[in-house]
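So you can see what is in the structure, the chains are spelled out below.
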Amino acid sequence: MILSEYPSPGKWETLLKRPAADVAQLEEKVSAIMHDVRMRGDEALLDYALKFDGVQPEGIAVRTDEMDAAERSLGAELRSAIMTAKSNIEKFHRAQEQPLLVVETMPGVTCSRKSIPVEKAGLYIPGGTAPLFSTILMLAVPASIAGCREIILCTPPSKDGTIHPAILFTAKACGITSVFCAGGAQAVAAMAYGTQTIPRVDKIFGPGNAWVTCAKQLAAKEGIAIDLPAGPSELAVYADEHAPPAFVAADLLSQAEHGPDSQVVVVSTRREVLGNILREVETQLALLPRKETAERSLAKSHAILLENEEQVMKLMNAYAPEHLILACGNADALADKVINAGSVFLGIWSPESAGDYASGTNHTLPTSGYARAWSGVSVDSFMKKVTFQKLTREGLEAIGPVVETMAEAEGLFAHKNAVRVRLGGK
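Residues numbered from 1 in each chain as written. Predicted model: local features only at pLDDT ≥ 70, side-chain atom pairs only at ≥ 80, totals over all residues. Heavy atoms only, no water.

Some thoughts on the state of the cysteines
Consideration 1: Scanning all chains against the criterion turns up zero disulfides.
Consideration 2: Free cysteine Cys154: the closest other cysteine sulfur is in Cys181, separated by 9.4 Å.
Consideration 3: When its relative accessible area of 0% is taken as the criterion, Cys154 is described as buried.
Consideration 4: Unpaired in terms of disulfides, Cys214 finds its nearest cysteine sulfur in Cys154, a separation of 18 Å. (Disulfide = S-S within 2.5 Å. Buried < 20%, exposed > 50% of the residue type's maximum accessible area, 1.4 Å probe, protein only.)

Here is the structure:
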C-alpha cells in the first residue's frame, strides 16, 4: 500500500484517484460486441462464450433439472447459510415498502403517489473465479418484494461450461426460473435488446468488471434503465487505537481480493496504528489463496496519516467510498458526519463482509465516487413512482386562477385555455 503522511486537502483528489481503464478504447470494443449481439442474437452469445470464457455451453437457457441437481449437490451447511442470509435481507427490504401517498393540497385538489414495479428486471451475476451467488439475494429479493412480473438472470459459465451450483440453488430459492448461461458485455446486450432465447428487459441490475459496467452505461444511452454505475469494489477504513490491527487488515484484504482493479484505503490519526495495520496486512496476505489478486489491488491502495478526526471525515466524504468502516471508539457519533458513502459499518465488530452476505443491507452499491449522488440498490430501485391528481369542479375553481395567471406569464395560452374552457370562460 502507498503510505502518505499529512497530505494537504488540495492533494486529496489526486491521491485518491481510482484506478482507471482506457474508457474510449473500451467503449469501442464493448459497442462492437453489443451491436453483434443485437444483430446475431444467440449465435453471437455462443461465439463470445467460446472466445472469452473458453467454453461453449450446450445451451443458453438453464433447464429445470439442472437447477434441481444443483440443489442436491450443494452441502447442507451452505444451503442453510444462504437461506439465513435471504431471511435477513427480506426483513430489511420488506420494511422499505411504501404505502400509497395521498395529499389534499387544497380543497378539491387531491394528489397521490403510487409505487409501481418495473415489469421486466434483468439481473447480471458475475461468475468466473468468484461466483457471486450472494448478489442474487441482493437483487432478486427486493425485485420479488417490489412485485416485478418477470425476473431473468444471466451469469457466465465456469471453465467446464456449467454454472456454479450455488448460483442455481440461490436463484431457485428466490423464485427465479429463467436463468441463462451468458456473461460479460454480451449478456448485458442480450438483456438490453433480447435474443431468440433471452427476453428484452426494462432495467438491468448487477455488478461486474469494466466491460460489464461499460455495456450497462451504453445500454442506458439507448433507453434501457440500469441500477447504478457499479464498478470495481472499494473500501475505506478509519482506524483509531481501539481497532485491532488484525480486524482492519482482514477487512482491507476482503475487498482487495475482489479483483486487481479494486482499491482499499485506511486512514488514521496515529502513525503507530497505521504501522501495525500494514504489518498485519502483509502477514495475512501471505496466507490468502487469492494472494496475487490482492497484491495487485494493494499496489494501488493507500494508507493515509491525518492530523485529526475532522480531517478524516472530510477526506472520507471527499472520497465517497462504496464501503466505509468506522473502526473506532466513537463510531456512532462519527456516523452523523457521514455524507457520502454507499454503506457504512459502525464499530470494530461490524466487518464489511457481514453486509456483503447476510446482515440484511444491500451490497450492490455505487463505486468510483458515485456515492456523492447515487444510492445502493433497494426495493425502490425496482419501482417507478407514478403521481396522480384528481380535481373536483370546486377544486379547479379554486386553483384555476393560479394556473391561468402562471400560464399567461409564460406565454402558454393553450395551457390557460385548458382551465378556462372548463370553467365556462372565453
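Next comes the rest of the account.
Comments concerning the side chain of Ser297
Consideration 1: Inspection of the secondary structure puts Ser297 in helix H12 (residues 291–298).
Consideration 2: Taking relative accessible area as the criterion, Ser297 reaches 0% and is therefore assigned buried.
Consideration 3: In this view, Ser297 contacts Ala256, Gly259, Pro260, Ser262 and Gln263; residues no more than four positions away in its chain are not counted. (Helix = DSSP H or I, 4+ residues; strand = E, 2+ residues; numbered from the N terminus. Contact = heavy atoms within 4.5 Å.)

What about the packing of aromatic side chains?
The relation between two aromatic rings is expressed through the spacing of the ring centres and the mutual angle of the planes.
Consideration 1: Counting across every chain of the model gives five aromatic pairs.
Consideration 2: With 3.9 Å between their ring centres and 10° between their planes, Phe205 and Phe382 make a pair best called stacked. With a gap of 177 residues between them, Phe205 in strand E7 (residues 203–205) and Phe382 in the loop between helix H15 (352–357) and strand E14 (383–391) connect regions that are remote in the sequence.
Consideration 3: Classification of Phe205 as buried rests on a relative accessible area of 0%.
Consideration 4: Ring geometry for Phe247 against Trp349: centres 5.3 Å apart, planes inclined by 65°, an arrangement best described as edge-to-face. With Phe247 in helix H10 (residues 245–256) and Trp349 in the loop between strand E13 (343–346) and H15, this pair connects stretches of sequence that are 102 residues apart.
Consideration 5: Here the aromatic cluster, defined as three or more aromatic residues joined through ring pairs, consists of Tyr48, Phe52 and Trp211.
Consideration 6: Positioned above the aromatic ring of Tyr319, the side-chain terminus of Arg18 is 3.8 Å from the ring centre.
Consideration 7: The side chain of Arg38 reaches across the aromatic face of Tyr193, ending 4.2 Å from its centre. (Phe/Tyr/Trp six-rings, centres within 6.5 Å; stacked < 30°, edge-to-face > 60°. Lys NZ or Arg CZ within 6 Å of the ring centre and 35° of its normal.)

Overview of the nonpolar core
Consideration 1: Of all hydrophobic cores here, the largest spans 41 residues; its most connected members are Leu123, Ile136, Ile176, Val179 and Phe382.
Consideration 2: Of all the secondary structure elements, the ones that give two or more residues to this core are helix H4 (64–73), helix H5 (76–94), strand E4 (120–124), helix H6 (133–146), strand E5 (150–155), helix H7 (165–173) and strand E6 (178–181).
Consideration 3: Among the elements that line this core, the one with the most residues is H6, at 10 residues.
Consideration 4: If near-sequence neighbours (up to four positions away) are discounted, Phe382 is found in contact with Ile116, Pro117, Val118, Ala121, Leu123, Leu139, Pro142, Ala143, Ala146, Cys148, Phe205 and Val377.
Consideration 5: Listed in part, the 31 residues of the second largest apolar core include Val37, Ile152, Val201 and Val212. (Core = buried A, V, L, I, M, F, W, Y, C linked by side-chain atoms within 4.5 Å.)

Remarks on the sheet that holds strand E1 (residues 2–5)
Where strands meet in a sheet, backbone hydrogen bonds hold them as pairs that are either parallel or antiparallel.
Consideration 1: Sheet architecture is open: six strands sit in the order E1-E11-E10-E9-E12-E13, paired in parallel fashion. Pairing within the sheet leaves two strands with one partner each, and these edge strands are E1 and E13. Shown here is a sheet whose adjacent strand axes are inclined to one another by a mean of 15°, direction ignored.
Consideration 2: Bridge count between strand E10 (residues 263–268) and strand E11 (residues 302–305): four bridges; the pairing is parallel. (Pairing = 2+ DSSP bridges. Axes fitted to C-alpha atoms, helices over the stretch in contact; angles between N-to-C directions.)

Some thoughts on the side chain of Ser381
Consideration 1: Structurally, Ser381 is set in the loop between H15 and E14.
Consideration 2: Here Ser378 takes part through its backbone nitrogen, which lies 3.0 Å from a polar atom of the side chain of Ser381.
Consideration 3: Discounting chain neighbours no more than four positions away, the residues touching Ser381 are Lys203, Phe205 and Gly376. (Polar contact = N/O pair within 3.5 Å; in protein donor to acceptor, adjacent residues only side chain to side chain.)

Description of the environment of Cys174
Consideration 1: Assignment of secondary structure puts Cys174 in the loop between H7 and E6.
Consideration 2: For Cys174, a relative accessible area of 11% gives the class buried.
Consideration 3: With 33 residues separating them in the primary sequence, Cys174 and Val141 have C-alpha atoms 6.6 Å apart.
Consideration 4: In this structure, Cys174 is in contact with Lys86, Ile136, Leu137, Ala140 and Val141, ignoring residues within four places of it in sequence.

Looking at a nonpolar patch on the surface
Consideration 1: A grouping of Val402, Val403 and Met406 is seen on the molecular surface, where their side chains present a nonpolar patch of about 250 Å² in accessible area.
Consideration 2: Structurally, the position occupied by Val402 is in helix H16 (residues 393–409). (Patch = residues over 30% accessible without salt bridge, like charges linked within 9 Å, V, L, I, M, F, W, Y side chains within 5 Å. Areas by Shrake-Rupley, 256 points an atom, 1.4 Å probe, with all protein chains shown as cover. Salt bridge = Lys/Arg side-chain N within 4 Å of Asp/Glu carboxyl O.)

Details of H5
Consideration 1: For H5, built from 19 residues, the straight-helix expectation of 27 Å at 1.5 Å per residue is met to within 8% by its first-to-last C-alpha distance of 27 Å.
Consideration 2: Along H5, the residues classified as buried are Ile82, Ala85, Lys86, Ile89 and His93. What you see down the axis of H5 is that its buried residues fit within an arc of 105°, all on one side. Of the residues in H5, the exposed ones pointing more than 90 degrees away from the buried face are Ala76, Glu77 and Lys91.
Consideration 3: The elements touched by buried residues of H5 are H6, H7 and H15. (Expected span 1.5 Å × (residues − 1). Arc of directions from axis to C-beta.)

Here's the deal with the sheet that holds E14
Consideration 1: Strand order across the open sheet formed by three strands is E2-E3-E14, with antiparallel pairing between neighbours. Of all the strands in the sheet, the pair left with one neighbour each is strand E2 (101–106) and E14. Sheet twist, expressed as the mean angle between neighbouring strand axes with direction ignored, is 20°.
Consideration 2: In this sheet, E14 lies alongside strand E3 (residues 109–117) in antiparallel orientation, the contact comprising nine bridges. Opposite Ser112, over in E14, you have Phe388 as the bridge partner.

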